[in-house]
Amino acid sequence: MSFPAIDEATWTRLHHLACEAAEMAYAPYSRFRVGAAALVDDGRYVSGCNVENAGYGVTLCAECGLVSDLIRNGGGRLVAFACVDEQGNACSPCGRCRQLLYEHAAPGMLLAMPAGRMTIDQVLPGGFGPRDLATADPIEE
């Protein structure tokens, strides 16, 4: 699979878009505003912010908004990803969001993590996704 080059200008743009998204976050309970941005394999950028809810368990992480933006704008595979808090510091996706990103990642997708850039397979080793389901035997009725 061929996708756009991921140079320093791309990482700077992802960081900027993630910071813009964090400004729009709805976080009245935790006051922890998060924004996420990603590059899609066709060169588009997508973004999202966290949206809290009084029933904490139904809060949406920024990655959920990002994937919704991805699907709404035609789908594709994510090749580079950044997530930040409102100060612009890199954030690690939670476990649920790592799974969500894995589902929509291009092979070798890169993530800007607090410790540096890592691949999706490094942040979710042994990930389970659509390829695993394609090899499963159908349930007989």
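Provided above is the structure to which this section pertains.
If you're wondering where the values come from, they're calculated on a predicted model, not measured in any experiment.

A. Region of the structure containing the packing of aromatic side chains. Counted under the stated rule, the structure contains one aromatic pair. Taken together, a centroid distance of 5.9 Å and an interplanar angle of 75° make the contact between Y29 and Y56 edge-to-face. Placement of the pair is Y29 in the loop between α1 (8-23) and β1 (34-40) and Y56 in the loop between β2 (45-49) and α2 (62-72), with a sequence separation of 27 residues. When its relative accessible area of 38% is taken as the criterion, Y29 is described as partly exposed. If you follow R13 out to its NZ or CZ, it ends over the ring of Y45, 4.0 Å from the centre.

B. Spotlight on the pairing of strand β3 (residues 78-85). Most of β3 sits inside the fold, with eight of its eight residues counted as buried. As defined by bridge partners, β1 adjoins β3 across seven bridges and the pair is classed as antiparallel. Directly across from A36, in β3, lies its bridge partner C83. Bridge count between β3 and strand β4 (residues 105-113): four bridges; the pairing is parallel. Its bridge partner being in β4, F81 is matched across the sheet by L111. With helix α3 (residues 95-103) bridging β3 and the parallel β4, this β-α-β connection has right-handed handedness.

C. Broad picture of the nonpolar core. Among the nonpolar cores identified, the biggest contains 22 residues, and L66, L78, F81, M109, L111 and I120 are the most heavily contacted of them. Going through the elements one at a time, β1, α2, β3, α3, β4 and α4 (120-123) are the ones with two or more residues in this core. When neighbours within four sequence positions are excluded, M109 is seen to be in contact with L78, V79, A80, F81, L101, M118, T119 and I120. W11, L14, L17 and V79 belong to the second-largest nonpolar core, a separate cluster that totals 12 residues.

D. Representation of the packing of α2 against α3 within the structure. The interhelical angle for the contact between α2 and α3, taken along N-to-C directions, is 15°, at an axis separation of 9 Å. With respect to each other, α2 and α3 are oriented roughly parallel. Like other packed secondary-structure pairs, α2 and α3 cross with a definite hand, here left-handed. Residues E63, C64 and V67 of α2 form the contact with α3, whose own contacting residues are R96, C97, L100 and L101.

E. Region of the structure containing the sheet that holds strand β5 (residues 116-119). Taken in spatial order, the five strands of this open sheet run β2-β1-β3-β4-β5, and their pairing is mixed. With partners counted over all chains shown, the strands left at the sheet margins are β2 and β5, one partner each. Mean inter-strand twist for the sheet, computed between neighbouring axes without regard to direction, equals 20°. Across the sheet, α1 lies against β1, β2, β3, β4 and β5, angled at about 140° from β1, the strand it touches most. Set on the sheet, α3 makes contact with β3 and β4; between it and β4 the angle comes to about 140°.

F. Representation of α2 within the structure. Along α2, the residues classified as buried are A62, E63, C64, L66, V67, D69 and L70. Its buried side turned inward, α2 meets β1, β2, β3 and α3. G74 sits one or two residues past α2 and shows a positive phi near 110°.

Rules used in this analysis
- Residues numbered from 1 in each chain as written.
- Predicted model: local features only at pLDDT ≥ 70, side-chain atom pairs only at ≥ 80, totals over all residues.
- Heavy atoms only, no water.
- Phe/Tyr/Trp six-rings, centres within 6.5 Å; stacked < 30°, edge-to-face > 60°.
- Helix = DSSP H or I, 4+ residues; strand = E, 2+ residues; numbered from the N terminus.
- Buried < 20%, exposed > 50% of the residue type's maximum accessible area, 1.4 Å probe, protein only.
- Lys NZ or Arg CZ within 6 Å of the ring centre and 35° of its normal.
- Pairing = 2+ DSSP bridges.
- Right-handed = clockwise from strand over helix to strand, strands pointing away.
- Core = buried A, V, L, I, M, F, W, Y, C linked by side-chain atoms within 4.5 Å.
- Contact = heavy atoms within 4.5 Å.
- Axes fitted to C-alpha atoms, helices over the stretch in contact; angles between N-to-C directions.
- Parallel < 35°, antiparallel > 145°, perpendicular 65-115°, else oblique.
- Left-handed = near helix turned anticlockwise from the far one by under 90°.

Any link to function would need more than the numbers given here.
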